[in-house]
Amino acid sequence: MDRHVPIRLGMVGGGAGAFIGDVHRIASRIDGRYRLVAGALSSTREKAEESAAAVGIAEDRTYSDWAEMAKREARLKDGIEAVAICTPNHLHVPVAREFLKRGIHVICDKPLSSSLAEAKRLRQTAGKADALFVLTHNYSGYPMVRQAKEMVAAGEIGAIRVVQVEYPQDWMTDAVEEQGVKQAEWRADPERAGLGGATGDIGTHAYHLARFVTGLTLSRLAADLDAFVPGRQLDDNAHVLLRFAEGAKGMLWCSQVAPGQENGLRLRVFGDKGALEWFQENPNHLWHTTHGEPTRRLTRNGPGTGGAAARVSRIPGGHPEGYLEGFANVYTDAALAIRAHQRGEPAPEGVDLPTLEDGIEGVAFVEACVRSAARDAAWVELKQ
């Protein structure tokens, strides 16, 4: 298989009005690694057809039933090689299973599932499938996040003592789920979102970022969850204390009711020799402190950087790369891994993808937060 031929991509969900669908489509196109050829973008036939036509999917490759799409595409000579899943959480696992068992690679939005039991069932399916599963924890694709991970692994800040990660937003400060805001409606619905509200939607991003950069293993947590908006059934704010197996301590705060905060994902890691700090709203900078010396600012493709960061950078330093490019790095690494898999080879050196196991751990994190909160923020173990 020619590694430069675009992968034939399908999409489930992500139709008109779905923010994340456009993000996945743009990210898949940035490096020319994919060609969108089929989709079940909506369960409503009329909307599915309108959405597909708007993004250039042919009428005969347009579906309103994702199970039908999986069956037919697997039979076609030029059927899809991979599928992007952009549905609400409760559909991630059933959709993924249909495609995986037919040998179609899966690129799935997070969180992995709405329950831990469901996530484990997907593990069984994936273990028997001749296909890869990739979870789009897109912040792991930012060059300076890769730089931070490389520096931690190289021991540049020493043994980690403290990890602080936060992800505040303000878009659900009011009861927007009752005002016709589609993106809020399903996120506030336990039947579609699962156990976690803010913890599932953005807390899993914060947790994965901390784990990705530090490599630490979480052993126990204590979570204080709130649904501050009256009538809201799922949490919209969480404070979580973290204890890592290696001895480090941490704290995670995620909130969707923090006025003035747009997308404030921030990570700070403190070791016995120094510290690192990265802020998603200014993603081309990484702050590095060596204990006893002035703090220095590292910039994407600037002096003092390279390796993992340079591999996923496209343009010279000073030209900002951000959310879409970071998302595209996950898609491009997925393409490299898929082509290598088709050739019977391991993924190329440097490919660093969020996997099914990352997804299971993220759901386990949410489940543990809910268990802890139900016991008045008691310490609980992470169960996977």
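Above this text you will find the structure in question.
Caption draft 1: Region of the structure containing the overall build of the protein. A tally of regular secondary structure across the protein gives 12 helices and 14 strands. Expected size for 384 residues packed as a compact globule is a radius of gyration near 21 Å; at 20 Å, the protein falls within 12% of this value. Once the C-alpha set of the protein is aligned to its principal axes, its extents read approximately 65 × 50 × 40 Å. Burial analysis of the protein (384 residues in total) assigns 54% to the buried set. At a minimum sequence separation of 6, the contacts of the protein that also span at least 24 residues come to 68%. When the accessible surface of the protein is totalled, it reaches about 16,100 Å², and 49% of it is carbon and sulfur.

Caption draft 2: Spotlight on unusual backbone geometry. Here the bond from lysine 110 into proline 111 is cis, since omega is -5°, no more than 30 degrees from zero. Mapped onto the secondary structure, proline 111 falls in the loop between strand 4 (105–108) and helix 5 (116–128). Even without a glycine there, the phi angle at asparagine 301 is positive, about 65°. Of note, asparagine 301 is situated in the loop between strand 13 (296–299) and helix 10 (308–311). The backbone of alanine 377 sits at a positive phi, close to 65°, despite the residue not being glycine. One can find alanine 377 in the loop between helix 12 (356–374) and strand 14 (380–381). According to the relative accessible area criterion, alanine 377 is partly exposed, its value standing at 28%.

Caption draft 3: Here's a closer look at the pattern of salt bridges. Throughout the structure, instances matching the rule amount to 24 salt bridges. Two residues, aspartate 352 and lysine 149, come together in a salt bridge whose shortest N-O distance is 2.8 Å. One end of the pair, aspartate 352, is in the loop between helix 11 (323–342) and helix 12; the other, lysine 149, is in helix 6 (residues 143–153), with 203 residues separating them in the sequence. Of the charged contacts in the structure, one is a salt bridge between glutamate 345 and arginine 343, with a shortest N-O distance of 3.2 Å. Residue glutamate 345 is classed as partly exposed on the basis of its relative accessible area of 40%. A relative accessible area of 24% places arginine 343 in the partly exposed class. Through salt bridges with shared partners, a single ionic network connects Asp31, Arg300, Arg314 and Glu321.

Caption draft 4: Quick peek at the environment of valine 163. Looking at the secondary structure, you find valine 163 in strand 6 (residues 160–168). Not counting chain neighbours up to four residues away, the residues in contact with valine 163 comprise Ala210, Thr214, Leu216, Phe244, Lys249, Gly250, Met251, Leu267 and Arg268.

Caption draft 5: Geometry of the packing of helix 3 (residues 66–75) against helix 4 (residues 92–100). Viewed as axis vectors pointing N to C, helix 3 and helix 4 meet at an angle of 15°, and their least axial separation amounts to 9 Å. As far as their axial angle goes, helix 4 and helix 3 are roughly parallel. Considering how the two elements wind past one another, helix 3 and helix 4 form a crossing that is right-handed. Of the residues in helix 4, those touching helix 3 at Trp66, Met69 and Ala70 are Pro94, Val95, Glu98 and Phe99. For the contact of helix 3 with helix 4, the residue count by class is 6 nonpolar, no polar and 1 charged.

Caption draft 6: Region of the structure containing helix 5. Taking 1.5 Å of rise per residue, the 13 residues of helix 5 would be expected to cover 18 Å, and the 19 Å separating its terminal C-alpha atoms lies within 8% of that figure. Turning to helix 5, its buried residues are Leu116, Glu118, Ala119, Leu122, Thr125 and Ala126. For helix 5, the arc enclosing every buried residue in end-on projection is 165°, short of the 170-degree limit, so these residues lie on one face. Exposed side of helix 5, more than 90 degrees from the buried face: Gln124, Gly127 and Lys128 are the residues found there. The inward-facing, buried residues of helix 5 contact helix 4, strand 5 (133–135) and helix 12. Two to three positions downstream of the cap, the backbone nitrogen of glutamate 118 sits 3.1 Å from a side-chain oxygen, assigning the N-cap of helix 5 to serine 115.

Caption draft 7: The nonpolar core, seen in detail. Residues Phe99, Phe133, Leu221 and Phe365 are the most contacted members of the largest nonpolar core, which totals 76 residues. Listed in part, the 26 residues of the second largest apolar core include Val23, Val134, Val330 and Ala335.

Caption draft 8: Quick look at the packing of helix 1 (residues 19–29) against helix 11. Remark: helix 1 packs on helix 11, axes separated minimally by 8 Å, with the N-to-C direction vectors making an angle of 65°. Here helix 1 lies roughly perpendicular to helix 11, going by the angle between them. In the packing of helix 1 onto helix 11, the handedness of the crossing is right-handed. In contact with Phe19, Ile20, Val23, His24, Ile26, Ala27 and Ser28 of helix 1, helix 11 contributes Tyr323, Leu324, Phe327, Ala328 and Tyr331. Classifying every residue of the contact of helix 1 with helix 11 by side-chain character gives 10 nonpolar, 2 polar and no charged.

Caption draft 9: Summary view of a nonpolar patch on the surface. Nonpolar side chains collect at one region of the surface, where Ile26, Ile30 and Leu324 lie side by side and expose about 190 Å² of accessible area between them. Note on placement: isoleucine 26 falls in helix 1. Taking the relative accessible area as the measure of exposure, isoleucine 26 reaches 31% and is therefore partly exposed.

Conventions we followed
- Residues numbered from 1 in each chain as written.
- Predicted model: local features only at pLDDT ≥ 70, side-chain atom pairs only at ≥ 80, totals over all residues.
- Heavy atoms only, no water.
- Helix = DSSP H or I, 4+ residues; strand = E, 2+ residues; numbered from the N terminus.
- Rg over C-alpha atoms; globule rule 2.2 N^0.38 Å.
- Buried < 20%, exposed > 50% of the residue type's maximum accessible area, 1.4 Å probe, protein only.
- Contact = heavy atoms within 4.5 Å.
- Areas by Shrake-Rupley, 256 points an atom, 1.4 Å probe, with all protein chains shown as cover.
- Salt bridge = Lys/Arg side-chain N within 4 Å of Asp/Glu carboxyl O.
- Axes fitted to C-alpha atoms, helices over the stretch in contact; angles between N-to-C directions.
- Parallel < 35°, antiparallel > 145°, perpendicular 65-115°, else oblique.
- Left-handed = near helix turned anticlockwise from the far one by under 90°.
- Nonpolar A, V, L, I, M, F, W, Y, C, P; charged D, E, K, R; others polar.
- Expected span 1.5 Å × (residues − 1).
- Arc of directions from axis to C-beta.
- Polar contact = N/O pair within 3.5 Å; in protein donor to acceptor, adjacent residues only side chain to side chain.
- Core = buried A, V, L, I, M, F, W, Y, C linked by side-chain atoms within 4.5 Å.
- Patch = residues over 30% accessible without salt bridge, like charges linked within 9 Å, V, L, I, M, F, W, Y side chains within 5 Å.

Remember, this is a structural readout, not a statement about activity or role.
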